[in-house]
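Architecture at a glance
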Amino acid sequence: MSTDEPHWLDDEEQQTWLAMVSMLVSLPAALDAQLQRDAGISHFEYQVLAGLSMSPERTLRMSDLAEFAEASLSRLSHTAKRLEGKGWLTRKPDPADGRFTLAILTDAGWDKVVATAPGHVAEVRRLVIDPLTKAQAKQVREISRRVKDAINPQRTCPPTLPT
């Protein structure tokens, strides 16, 4: 085999890849559908609100929130503007360093997370947790971390919030 020839997937590898692709496409769609139906928000919007809800004083630098939500600052800024319009978050310059902007979850945003979380958790449990044994869940966690590390070794998986 020449060095220019691709290292093609064998049948088993191809089945693994196709199963993963199917899950990677269908899971986000299913989570979005549940959140849109039950709460009128996207999964990404929920991730942003939930990230803030888990942060000290419900506040994060936009750059840290973008990393947690696995998004660019541009995408997060557009989403933050929409969430501000709904009264769920506010933004202000970071008093510790004016080069940064803080995102702050409002009381109304907190109420939205509290109202939305039970349905979202039930859907995550139904789609991801309940179909797996404890051993399989541990394998999925490790597999996810390894794939994520191959994509971007500098970012933790799952993403962590600053303390």
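In this report, we go over the structure that sits alongside the text. Fair warning: this is a prediction, and the values are worked out from it, not measured in the lab.

In this section: the overall build of the protein. Along its length, the protein carries 6 helices and 3 strands. Listing every helix and strand of the protein by position from the N terminus yields α-α-β-α-α-β-β-α-α. Principal axes of the C-alpha set define a box for the protein whose edges measure 60 × 35 × 25 Å. A buried classification covers 27% of the 163 residues belonging to the protein. Expressed as a percentage of contacts within the protein between residues at least 6 apart in sequence, the contacts between residues at least 24 apart total 54%. Between the mean site of the 20 positive side-chain charges and the mean site of the 22 negative ones, the protein shows a separation of 8 Å.

A few words now on the pattern of salt bridges. All chains considered together, the criterion is met by 10 salt bridges. Across the pair Asp38 and Arg37 runs a salt bridge whose closest N-O atoms are separated by 3.1 Å. One salt bridge in this structure joins Arg126 and Glu123, with 3.0 Å as the shortest N-O distance. In this pair, Arg126 and Glu123 both sit in helix α5 (residues 107-129), 3 residues apart, roughly one turn of the helix.

On to the packing of aromatic side chains, then. For any pair of aromatic rings, geometry is given as the distance between the ring centres together with the angle between the planes. Per the stated rule, a full pass over the model turns up 0 aromatic pairs. Between the NZ or CZ atom of Arg61 and the centre of the ring of Phe100, over which it lies, the distance is 3.8 Å.

Right, let's get into unusual backbone geometry. Residue Arg58 is not a glycine yet carries a positive backbone phi of 55 degrees. With respect to the secondary-structure elements, Arg58 resides in the loop between α2 (43-53) and β1 (59-61). A positive phi angle, near 60 degrees, is found at Glu70, a position not held by glycine. Relative to the helices and strands, Glu70 is located in the loop between α3 (62-68) and α4 (73-85).

On to the nonpolar core. Core analysis: the biggest nonpolar cluster contains 23 residues, and Ile41, Val48, Leu49, Leu52, Leu65 and Leu76 have the highest contact counts within it. Secondary structure elements with two or more residues in this core: α1 (11-39), α2, α3, α4 and β3 (101-105). At 6 residues, the largest contribution of residues to this core is made by α2. The residues contacting Val48, other than those within four sequence positions of it, are Leu65, Ala69, Leu76, Thr79, Leu83 and Leu89.

Right, let's talk about a negative patch on the surface for a bit. A contiguous patch of negative charge on the surface is contributed by Asp10, Asp11, Glu12 and Glu13. Look at Glu13 and you get partly exposed, because its relative accessible area is 37%.

Thresholds applied
Residues numbered from 1 in each chain as written. Predicted model: local features only at pLDDT ≥ 70, side-chain atom pairs only at ≥ 80, totals over all residues. Heavy atoms only, no water. Helix = DSSP H or I, 4+ residues; strand = E, 2+ residues; numbered from the N terminus. Buried < 20%, exposed > 50% of the residue type's maximum accessible area, 1.4 Å probe, protein only. Contact = heavy atoms within 4.5 Å. Lys, Arg positive; Asp, Glu negative; His and termini not counted. Charge placed at Lys NZ, Arg CZ, Asp CG, Glu CD. Salt bridge = Lys/Arg side-chain N within 4 Å of Asp/Glu carboxyl O. Phe/Tyr/Trp six-rings, centres within 6.5 Å; stacked < 30°, edge-to-face > 60°. Lys NZ or Arg CZ within 6 Å of the ring centre and 35° of its normal. Core = buried A, V, L, I, M, F, W, Y, C linked by side-chain atoms within 4.5 Å. Patch = residues over 30% accessible without salt bridge, like charges linked within 9 Å, V, L, I, M, F, W, Y side chains within 5 Å. Areas by Shrake-Rupley, 256 points an atom, 1.4 Å probe, with all protein chains shown as cover.

Everything listed here is a matter of geometry and, on its own, says nothing about what the molecule does.
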